[in-house]
Amino acid sequence: MITAQVTAHPSEPSAVAAPPILSVQGLSVEFPGPNAAIRAVGDVSFSMPAGEILALVGESGSGKSVTALSILGLVSAPGRLVGGSVQFEGRKLTDLPEHEMARIRGRRIGWVSQTPRASLNPSFKIGRQIAAVLAACSPDLKGSAVDRRIDALLRPLGFTEPARVTSAYPHQLSGGMCQRVCIALALAGDPIMLIADEPTTALDVSVQAQILSLLHQLNAERGLSILIITHDLAIVSALSHRVMVLYGGQVQETGPTAEVLADPAHPYTRALIAAIPDSTTFDGRIPQLRGQAEPPIAGVPGCRFAARCDHAFVACHQTLPSAHAAGHGGRVRCHLHQPVGSP
Ligand SMILES: Nc1ncnc2c1ncn2[C@@H]1O[C@H](COP(=O)(O)OP(=O)(O)OP(=O)(O)O)[C@@H](O)[C@H]1O
Ligand code: SF4
Ligand SMILES: [Mg+2]
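For clarity, every value in this text was computed on a predicted model and none was experimentally measured.

A. Spotlight on the site of ligand 1. Ser 60, Gly 61, Lys 64, Ser 65 and Gln 114 are the nearest of the 13 residues found near ligand 1. Ser 65 is positioned with one of its side-chain polar atoms (N or O) 2.9 Å from an oxygen atom of ligand 1. Broken down by secondary-structure element, the contributors of at least two residues to the shell around ligand 1 are β2 (38–49) and α1 (64–71). Considering every element that reaches the shell around ligand 1, the biggest residue donor is α1, with 3 residues. Counted by class, the shell around ligand 1 contains 4 nonpolar, 7 polar and 2 charged residues.

B. Inspection of the packing of helix α5 (residues 144–154) against helix α7 (residues 175–188) at higher detail. One way to put it is that α5 packs onto α7 with a least axis distance of 9 Å and a crossing angle of 125°. Relative to α7, the element α5 is oriented oblique. At the point where α5 passes α7, the crossing takes the right-handed sense. Facing α5, whose interface residues are Arg 149, Leu 153 and Leu 154, α7 presents Ala 184, Leu 187 and Ala 188. Counted by class, the contact of α5 with α7 contains 5 nonpolar, no polar and 1 charged residues.

C. Region of the structure containing the coordination of the magnesium ion (ligand 3). Bound to the magnesium ion (ligand 3) are the protein donor atoms Ser 65 (OG) and Gln 114 (OE1), situated 2.0 to 2.2 Å from the metal. Within this pair, whereas Ser 65 is found in helix α1, its partner Gln 114 is found in the loop between β6 (109–112) and α3 (116–119), the two being separated by 49 residues in sequence. Overall, the relative accessible area of 41% leaves Gln 114 in the partly exposed class.

D. Layout of the packing of aromatic side chains. Counted by the stated rule, this structure contains 3 aromatic pairs. Ring centres of Tyr 268 and Phe 305 lie 5.2 Å apart, and the angle between their planes is 65°; on these two criteria the pair is classed as edge-to-face. Placement of Tyr 268 in helix α11 (residues 267–274) and of Phe 305 in the loop between α11 and α12 (314–318) is noted, with a sequence separation of 37 residues between them. One exposure class covers both Tyr 268 and Phe 305, and it is buried.

Parameters and conventions
Residues numbered from 1 in each chain as written. Chains lettered and ligands numbered in written order. Predicted model: local features only at pLDDT ≥ 70, side-chain atom pairs only at ≥ 80, totals over all residues. Heavy atoms only, no water. Near = heavy atom within 4 Å. Polar contact = N/O pair within 3.5 Å; in protein donor to acceptor, adjacent residues only side chain to side chain. Helix = DSSP H or I, 4+ residues; strand = E, 2+ residues; numbered from the N terminus. Nonpolar A, V, L, I, M, F, W, Y, C, P; charged D, E, K, R; others polar. Axes fitted to C-alpha atoms, helices over the stretch in contact; angles between N-to-C directions. Parallel < 35°, antiparallel > 145°, perpendicular 65-115°, else oblique. Left-handed = near helix turned anticlockwise from the far one by under 90°. Contact = heavy atoms within 4.5 Å. Donors = N, O, S within 2.8 Å, 3.2 Å for Na, K, Ca; no water. Buried < 20%, exposed > 50% of the residue type's maximum accessible area, 1.4 Å probe, protein only. Phe/Tyr/Trp six-rings, centres within 6.5 Å; stacked < 30°, edge-to-face > 60°.

Bear in mind that shape data such as this cannot, by itself, settle questions of function.
Below, the structure is given as structure tokens:
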């Protein structure tokens, strides 16, 4: 059973019929490999209506972070975008120069990196770093109003004495504290969207629950759209409206969270869910995925999951499956779900 840290299951986003706030089409990112390019993200397409919480899940190396970084224009050499486009609030981000992207990051899209300590400036105290974001995003805020805003940002993140944090340098904070400071920085510009890469991995369960509740509240009350990357299916279950499963840099399955977790269609999603220990039935064995995820080599035919899939048949090694309609209302990239009679 997948257990949740926050009790309220998210209600449906209020503006599902609205145009998407984010639309990603055919996104592909490559890194040079020893013999051939590694296609870390391969033809990824998805949209998010305003107010949605979308969870991005998958094993280590499946392309979650590179997908997020490419939306934000932060893929750095030797990685490069080799195809696709990203539209946000009707603007094509993939065409924007860096100085315009820099204005969107922080002001319109808050970003929580998977490596929070590295994204803080080691030379400045935390208070100064948050104040710098406020000065850029809310220039009318002055004097004690800045202090009050910093206090209001830090307290809901579990800092009961914000002054102790604001007067500290990053190296004086624990990993979990850095993670929460990065969430404060991401929210300081009052963005309309948050992209958060494993935002609670370094936190104890009570602080994690507090942060998930805050994200839930920001979504419900202010319509904050959230793309959250996590390994933790309990977080997916508690927080997200929709889930997208990545493997080998490709979207393997997507659909409404509750339905996908209750009735996963893709063999990989089923294996991920089966690998969660269940204390009520645990007998010392946890079903494990055989083999290891290999870096996705560009141009290799067939299903990315074929080498590890118990259901693989000849076509799986030869032809990339298309995305088909799944019973849960979403889509699944698997030959087993190809409609009868289709070529
Ligand atoms: N700097 C890099 N140089 C070379 N290859 C890279 C680099 N960054 C990512 N990759 C490739 O992209 C793939 C996807 O990486 P990514 O960081 O997106 O994985 P992830 O799903 O976020 O994994 P994790 O759960 O461990 O954070 C990696 O397996 C690797 O092959
Ligand atoms: S396409 Fe084939 S190898 Fe891929 S998940 Fe489906 S059955 Fe398994
Ligand atoms: Mg990652």
